[in-house]
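Structure at a glance
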Amino acid sequence: MSHIIHRSLRRTPPVAVGGDGITIIDSKGNHYLDASGGAAVSSLGHGHPDVIDAMHAQIDRLAYAHTSFFTTDAAEELAARIAYDAPGDLDHVYLVSGGSEAMETALKLARQYFVESGEPQRRLFIARRQSYHGNTLGALALGGNAFRRKPYAPLLMDVTRVAPCYEYRDRQQDQSVFAYTAGLLAELEMAIIAAGPENVIGFCAEPVVGATGGAIPPTPGYFTGVRELCDKYGILFIADEVMCGMGRTGTLYAIEQENVLPDLVTLGKGLGAGYQPIGAVVARDAIVQRLRNGSGVFQHGHTYVGHPVAAAAALAVQRVIQRDCLLGAVTVRGATLRRMLRGAFGEHPHVGDIRGRGLLWALELVRDRETKEPFAPSLKLHEAVRAQAMACGLMVYPMGGTIDGERGDHILLAPPFIATDADLGEIVSRLQEALDTAL
Ligand code: PLP
């Protein structure tokens with residue numbers, strides 16, 4: 001009996017003992033193709049020698065120094081690199097230990113910005129019904145997953161939620177993409193007006209929706225409209241790139257493909273690619289200058305912010321991505337994966353939609369392709385798919401339909417950027433086998 005409080009309190013998962021390239025090996029010698037990179041984490045696969053060497057070198061020099069006394073070369077170099085690579089004047093970086101911490105930090109930085117701007121009445125965030133921003137109380141309050149929020153509801157701040165950009169289900173057949181997008185933006189504007197723009201801190205969204213919804217890219221012009229509304233009403237736009245950032249969609253930041261500059265961006269997963277727990281908030285100059293010229297401090301901090309070994313790992317990951325031209329590989333391999341998925345599942349009676357960007361893809365599972373009727377949540381289809389996939393030696397990331405009680409199941413794929421065409425072919429064929437058994 002394990003002493004760990006596992007995700008399931010009823011069963012202990014297999015024990016992972018090794019990893020090599022896109023494969024994870026368990027203690028019984030089973031090999032699993034990592035087609036989901038955990039949950040879009042392992043962008044360089046497992047056991048990458050350059051990252052491991054960089055971590056060793058940093059541990060040999062210095063494993064830890066508290067940031068109230070010191071900074072370190074590793075943290076400074078990583079922050080400089082992130083700032084250099086980020087679009088526009090996203091020049092300031094706060095390093096944390098994961099995605100939820102990055103979100104909490106962004107919420108507090110946004111709030112403090114307005115406090116120091118003489119607008120302490122601003123307290124409201126607007127987010128989307130189909131979103132996941134993390135599991136800590138602030139991030140959980142923002143997220144659209146009602147099932148996850150439910151037990152903690154009395155502890156959570158009020159958040160106004162608006163419709164996601166989810167064409168497959170929400171755009172009417174006779175509606176143009178333009179009209180659909182305009183409707184979403186009108187709803188966001190109404191929400192801002194209803195709350196009173198002077199009370200709103202910011203609007204938060206994932207540029208490409210990840211786990212809660214499944215690899216959903218925005219419609220053209222959606223984020224341009226979001227940026228215009230945020231500017232019109234003087235509120236901040238926070239882009240949560242914890243899942244879709246750091247190259248996962250083919251550009252370093254997913255929002256770059258929308259030609260829009262957010263005020264704050266959160267990073268996680270792909271930043272350290274799983275080699276160390278690390279996340280970051282990247283902030284535009286005006287935000288940090290306001291605090292610098294005001295109180296002179298950001299009233300925040302955790303013991304492990306700017307951890308040097310995590311920073312060294314993330315720096316090595318980012319260097320490999322650039323040196324090996326992996327952003328281009330993501331775009332090319334992403335197109336291959338799309339072709340393979342469409343070939344294998346395009347006519348599948350229970351696959352309603354195949355969507356994604358770069359190497360972030362999802363299949364939406366439906367009972368009926370014509371009506372898009374989802375499977376009943378009580379079937380817990382995502383659990384069956386996960387189990388069958390594991391039995392076929394495949395890791396995918398299936399999720400149930402738990403977005404405010406609506407919507408269907410989907411399977412998320414986020415293979416490492418180093419996957420070859422042959423790897424992708426094997427992933428798709430094992431997924432076919434798993435779905436044939438599970439459905
Ligand atoms: N934001 C998004 C978009 C995510 O996908 C996740 C995790 O899945 C988080 C935030 C939270 O990150 P973490 O699990 O590292 O706390």
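Residues numbered from 1 in each chain as written. Predicted model: local features only at pLDDT ≥ 70, side-chain atom pairs only at ≥ 80, totals over all residues.

Our focus in this paragraph is the overall build of the protein. In terms of regular secondary structure, the protein is built from 14 helices and 15 strands. Across its three principal directions, the C-alpha atoms of the protein cover 60 × 60 × 45 Å. Looking at the protein residue by residue over its 439 residues, the buried ones come to 50%. Contacts in the protein between residues at least 24 apart in sequence constitute 73% of all its contacts with a sequence separation of at least 6. (Helix = DSSP H or I, 4+ residues; strand = E, 2+ residues; numbered from the N terminus. Buried ≥ 20, exposed ≤ 12 C-beta atoms within 10 Å, placed from the backbone. Contact = placed C-beta atoms within 7 Å.)

What follows covers the pairing of strand β11 (residues 351-357). Counting buried positions along β11 gives six out of seven residues, so the element sits mostly inside the fold. As judged from the six bridges shared by β11 and strand β12 (residues 360-365), these two strands associate in the antiparallel manner. Paired with Arg355 across the strands is Ala362, a residue of β12. (Pairing = 2+ DSSP bridges.)

Moving on, we get to the site of the ligand. Looking at the ligand, there are 15 residues lining it, with Gly98, Gly99, Ser100, Gly134 and Val242 nearest. Examining the composition of the shell around the ligand, we find that three residues originate from one element, helix α4 (residues 99-115), more than from any other. Partitioning the shell around the ligand into residue classes produces six nonpolar, seven polar and two charged. (Near = placed C-beta within 6 Å. Nonpolar A, V, L, I, M, F, W, Y, C, P; charged D, E, K, R; others polar.)

Before going further, it helps to spend a moment on the sheet that holds strand β14 (residues 397-399). Backbone-to-backbone hydrogen bonds pair the strands of a sheet. The strands run either parallel or antiparallel. Strand order in the open sheet made by the four strands is β11-β12-β15-β14, with antiparallel pairing throughout. Only two strands of the sheet have a single neighbouring strand rather than two, namely β11 and β14. Adjacent strand axes in the sheet meet at a mean angle of 20° when their direction is disregarded. With five bridges connecting them, β12 and strand β15 (residues 409-413) associate as antiparallel partners. Counterpart to Leu365 in the pairing with β15 is Asp409. Helix α13 (residues 381-391) rests against β12, β14 and β15 of the sheet, and its axis sits at about 165° to β14. (Axes fitted to C-alpha atoms, helices over the stretch in contact; angles between N-to-C directions.)

Glancing now at the domain arrangement of the protein. As assigned here, the protein comprises domain 1 (16-47 + 325-438) and domain 2 (51-323). One C-alpha centre belongs to domain 1, the other to domain 2; they are set 25 Å apart. If you look at the interface, domain 1 gives 34 residues, while domain 2 gives 34 residues. Elements that contribute at least two residues to the side of domain 1 that touches domain 2 include exactly α1 (37-40), α12 (326-345), β11, β12, β14 and β15. For the side of domain 1 that touches domain 2, the element with the highest residue contribution is α12, accounting for five residues. Looking at side-chain class alone, the side of domain 1 that touches domain 2 contains 17 nonpolar, ten polar and seven charged residues. (Domains from an automatic or database assignment.)

A few words on the environment of Ile427. Counting through the fold element by element, Ile427 comes out in helix α14 (residues 421-438). Looking at Ile427, the number of C-beta atoms within 10 Å reads 25, which means it is buried. The sequence separation of Ile427 and Asp34 amounts to 393 residues, and the corresponding C-alpha distance is 8.6 Å. The residues contacting Ile427, other than those within four sequence positions of it, are Leu33, Ala35, Leu394 and Pro415.

This part is about the nonpolar core. If you look at soluble globular proteins, the nonpolar side chains tend to sit buried side by side. Among the nonpolar cores identified, the biggest contains 132 residues, and Ala280, Ala313 and Leu394 are the most heavily contacted of them. When we break this core down by domain, the ones giving at least three residues each are domain 1 (16-47 + 325-438) and domain 2 (51-323). Other than its neighbours up to four places away in sequence, Ala280 contacts Ile82, Val93, Tyr94, Leu95, Val96, Ala102, Leu267 and Leu271. (Core = buried A, V, L, I, M, F, W, Y, C linked by C-beta atoms within 7 Å.)

What follows deals with the sheet that holds strand β7 (residues 200-205). Taken in spatial order, the seven strands make up an open sheet running β4-β10-β9-β8-β7-β5-β6, and their pairing is mixed. Of all strands in the sheet, those bounded by a partner on one side alone are β4 (90-96) and β6 (159-162). Between one strand axis and the next, the sheet turns by 20° as a mean value, whatever way the strands run. Taken strand by strand, α4 contacts β4, β5 (124-128), β7, β8 (236-240), β9 (264-267) and β10 (279-284), and its axis lies near 25° from that of β10. On top of the sheet, helix α8 (residues 177-195) reaches β5, β6 and β7; it is set at about 160° to β6, its chief contact.

With that settled, consider α4. Between the first and last C-alpha of α4 there are 24 Å, a value that for 17 residues agrees with the 24 Å anticipated at 1.5 Å per step. Of all the 17 residues making up α4, 14 are buried; the element is thus mostly covered by neighbouring parts of the structure. (Expected span 1.5 Å × (residues − 1).)

Quick look at unusual backbone geometry now. Positive phi outside glycine occurs at Ala215, with the angle close to 50°. Relative to the helices and strands, Ala215 is located in the loop between β7 and α9 (222-233). Judged by the 30 C-beta atoms lying within 10 Å of it, Ala215 falls in the buried class. In this structure, Ala273 is a non-glycine residue whose phi angle is positive, near 55°. Mapped onto the elements of the fold, Ala273 is located in the loop between β9 and β10.

Glancing now at α13. Those residues of α13 not exposed but buried are Leu381, His382, Val385, Arg386, Gln388 and Ala389. Those residues of α13 that are buried are in contact with β12, β13 (394-395), β14, β15 and α14. Phi turns positive, to about 75°, at Gly393, one or two residues after α13.

Attention shifts here to the packing of α4 against helix α10 (residues 285-293). Where α4 contacts α10, the axes come no closer than 9 Å and their chain directions differ by 60°. Judged by the angle between their axes, α4 and α10 are oblique. By crossing handedness, the relation of α4 to α10 is classed as left-handed. Residues Leu109, Gln112 and Tyr113 of α4 touch α10, and the partners they reach there are Ile287, Arg290 and Leu291. Split by residue class, the contact of α4 with α10 holds four nonpolar, one polar and one charged. (Parallel < 35°, antiparallel > 145°, perpendicular 65-115°, else oblique. Left-handed = near helix turned anticlockwise from the far one by under 90°.)

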